[in-house]
Amino acid sequence: MTYKKVKEGEATILAPKEEKISGDLPVFYNPIMKTNRDISIALLNALEKEDLDIALPLAGTGIRAIRFFKELKRDNIKQICINDCNEEAIKVINENFKLNSIAEEDIEINQTEASLFMLKHAGFNYIDVDPFGSPNPFLDASCKKLSRDGILAVTATDTAPLSGTYTKVCRRKYWAEPKKDHMMHETGLRILIRKIQLIAVQYERALTPIYSYSDEHYMRVFFRCKKGKKHCDEILSQHKMFNDAGPLWLGPLWDEDLAEKIMNLNPCTLTKLIKDESKIHSIGFYNIPKICKKHKIGVEKKFDQIMELIKAKGYQASRTHFDKEGIRTNMPEEELEKVVIG
Ligand SMILES: C[S@@+](CC[C@H](N)C(=O)[O-])C[C@H]1O[C@@H](n2cnc3c(N)ncnc32)[C@H](O)[C@@H]1O
């Protein structure tokens, strides 16, 4: 395998020279996932969490670990434990640490199966599950090993079942009914959240989403963990059907203050949209062209104008990162339709 040097954030790493990004490559680096890593860094910096005991069970080139060392407050990191089952990945991770002059003492590098790696350790207060496809194989061990007040970050790239293209796969893997409509990405994200919460409550861990989104080809959720039966029961009470889909998580997708801090630390279109929509405590959003089509009219009003009209009537309104043509609002549907077509 041949490598080239790549710069991402404050790290320079060796990444495969192949132009085509594929899970079949012995060592995997996807530049599109820079946003995923940027947001993880912004979130940990925003939380100002001390004594970070970090697990990266599916580490790839080690880019995330290196960026954590360089872009988080160094004093806040107690340890980073890195793992990948692939021998070539481990070689590259070692090379990349040397290339970035990171000393060995605060790193542990393992080459084993990701769940076995987590189960061998006492516990972590940040676990980042970033696999190819579904996170399912790694949820049990990560939930078991997440400490009180710890943060669990999960990526899922199998968005087709979650968003309703493969209903049967979604039923089998995520124990819920998806729905392929304009809200499919929010629905899929809420189905994914519930599935992870169901795994965690078995071990008396209550996982509350603090930041979540859907972008490119993947979904991503960060949870904060509380321990105890009462907290678990509170989580379960927020699993219901919505819009004929689910059961899914009906609670908030974001902590409002955190969304604001992440936007300030990493301002981009995605974090700005999320900051705005995190202030509106609604489930789902409206697709404006769909409303116009229902009333057999063209999209005549500009989105900004529609949002101003909603706000003038005392409701909240924002664009949503889930859909370029969507508006999130707490205005009732019938009233919104009047605003759009009026
Ligand atoms: C999507 S890549 C990880 C990308 C990395 N987290 C990043 O930010 O660039 C998934 C990695 O998991 C590794 N992997 C896949 N299945 C595994 C398993 N069961 N145990 C350990 N590693 C595994 C692969 O070798 C690959 O390097």
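Residues numbered from 1 in each chain as written. Predicted model: local features only at pLDDT ≥ 70, side-chain atom pairs only at ≥ 80, totals over all residues.

Draft legend 1. Expanded view of the overall build of the protein chain. A tally of regular secondary structure across the protein chain gives 14 helices and 14 strands. Counting only C-alpha atoms and orienting by the principal axes, one finds that the protein chain spans roughly 65 × 45 × 40 Å. Looking at the protein chain residue by residue over its 342 residues, the buried ones come to 46%. Long-range pairs, those at least 24 residues apart, make up 67% of the contacts in the protein chain between residues at least 6 apart in sequence. (Helix = DSSP H or I, 4+ residues; strand = E, 2+ residues; numbered from the N terminus. Buried ≥ 20, exposed ≤ 12 C-beta atoms within 10 Å, placed from the backbone. Contact = placed C-beta atoms within 7 Å.)

Draft legend 2. Examining the site of the ligand more closely. By nearness alone, 20 residues border the ligand, and L58, G60, C85, A114 and D130 come closest of all. When the residues that make up the shell around the ligand are grouped by side-chain class, the tally is eleven nonpolar, four polar and five charged. (Near = placed C-beta within 6 Å. Nonpolar A, V, L, I, M, F, W, Y, C, P; charged D, E, K, R; others polar.)

Draft legend 3. Seen up close, helix α11 (residues 269-277). Residues T271, L273, I274, K275 and E277 constitute the buried set of α11. Along its buried surface, α11 packs onto β8 (205-215), α10 (256-265), β13 (317-320) and β14 (323-329).

Draft legend 4. Quick peek at the sheet that holds strand β5 (residues 107-110). Spatial ordering of the open sheet is given by β5-β4-β3-β6-β7-β9-β8, a layout of seven strands whose pairing is mixed. In the strand order of this sheet, the two ends are held by β5 and β8, each with one partner. Across the sheet, the axes of successive neighbouring strands diverge by a mean angle of 15°, strand direction being ignored. In the sheet, strand β4 (residues 77-83) pairs with β5 via four bridges, with the strands oriented parallel. (Pairing = 2+ DSSP bridges. Axes fitted to C-alpha atoms, helices over the stretch in contact; angles between N-to-C directions.)

Draft legend 5. Molecular detail of the environment of E234. Relative to the elements of secondary structure, E234 occurs in helix α9 (residues 229-236). For E234, a count of 14 C-beta atoms within 10 Å puts it in the partly exposed group. Along the primary structure E234 and T61 are separated by 173 residues, whereas in three dimensions their C-alpha atoms are 39 Å apart.

Draft legend 6. Main features of the nonpolar core. With 83 residues, the main nonpolar core has L43, I54, I80, L152, L192 and I262 as its most contacted residues. When residues of this core are assigned to their parent elements, the largest contribution, seven residues, is made by helix α1 (residues 34-47). Discounting chain neighbours no more than four positions away, the residues touching L43 are Y211, F222 and I262. By size, the runner-up hydrophobic cluster in this structure holds 15 residues, among which are I310, F322, M331 and L336. (Core = buried A, V, L, I, M, F, W, Y, C linked by C-beta atoms within 7 Å.)

Draft legend 7. Local environment of the packing of helix α5 (residues 136-144) against helix α8 (residues 184-201). Axis separation between α5 and α8 bottoms out at 9 Å; the angle between their running directions is 50°. Viewed along their axes, α5 and α8 adopt a mutual orientation that is oblique. As for the relative orientation of α5 and α8, their crossing is right-handed in sense. Of the residues in α8, those touching α5 at L139, D140 and C143 are I196, I199 and A200. For the contact of α5 with α8, the class distribution of residues is five nonpolar, no polar and one charged. (Parallel < 35°, antiparallel > 145°, perpendicular 65-115°, else oblique. Left-handed = near helix turned anticlockwise from the far one by under 90°.)

Draft legend 8. Representation of the pairing of β4 in the model. Within β4, five of the seven residues are buried, which leaves it mostly tucked inside the rest of the structure. Of the strand pairs in this sheet, strand β3 (residues 52-56) and β4 are connected by five bridges, and their pairing is parallel. Pairing of L52 across the sheet is with I77, part of β4. Handedness of the crossover joining β3 and β4 through helix α2 (residues 63-71) is recorded here as right-handed. As for the winding sense of the linkage, the β-α-β connection from β4 through helix α3 (residues 87-99) to β5 is right-handed. (Right-handed = clockwise from strand over helix to strand, strands pointing away.)

Draft legend 9. Fine view of the domain arrangement of the protein chain. According to the domain assignment, the protein chain consists of domain 1 (3-275) and domain 2 (286-341). Look at where the C-alpha atoms of domain 1 and domain 2 centre, and you get two points 33 Å apart. Listed per partner, the contact involves eight residues of domain 1 and eight residues of domain 2. Going through the elements one at a time, α8, β8 and α11 are the ones with two or more residues in the side of domain 1 that touches domain 2. The element contributing the most residues to the side of domain 1 that touches domain 2 is α11, with three residues. When grouped by side-chain class, the residues that make up the side of domain 1 that touches domain 2 number four nonpolar, three polar and one charged. (Domains from an automatic or database assignment.)

Draft legend 10. Structural context of the pairing of β13. Alignment of β13 against β14, held across four bridges, turns out to be antiparallel. Paired with S318 across the strands is R328, a residue of β14. From the end of β13 to the start of β14, which pair antiparallel, there are two residues.

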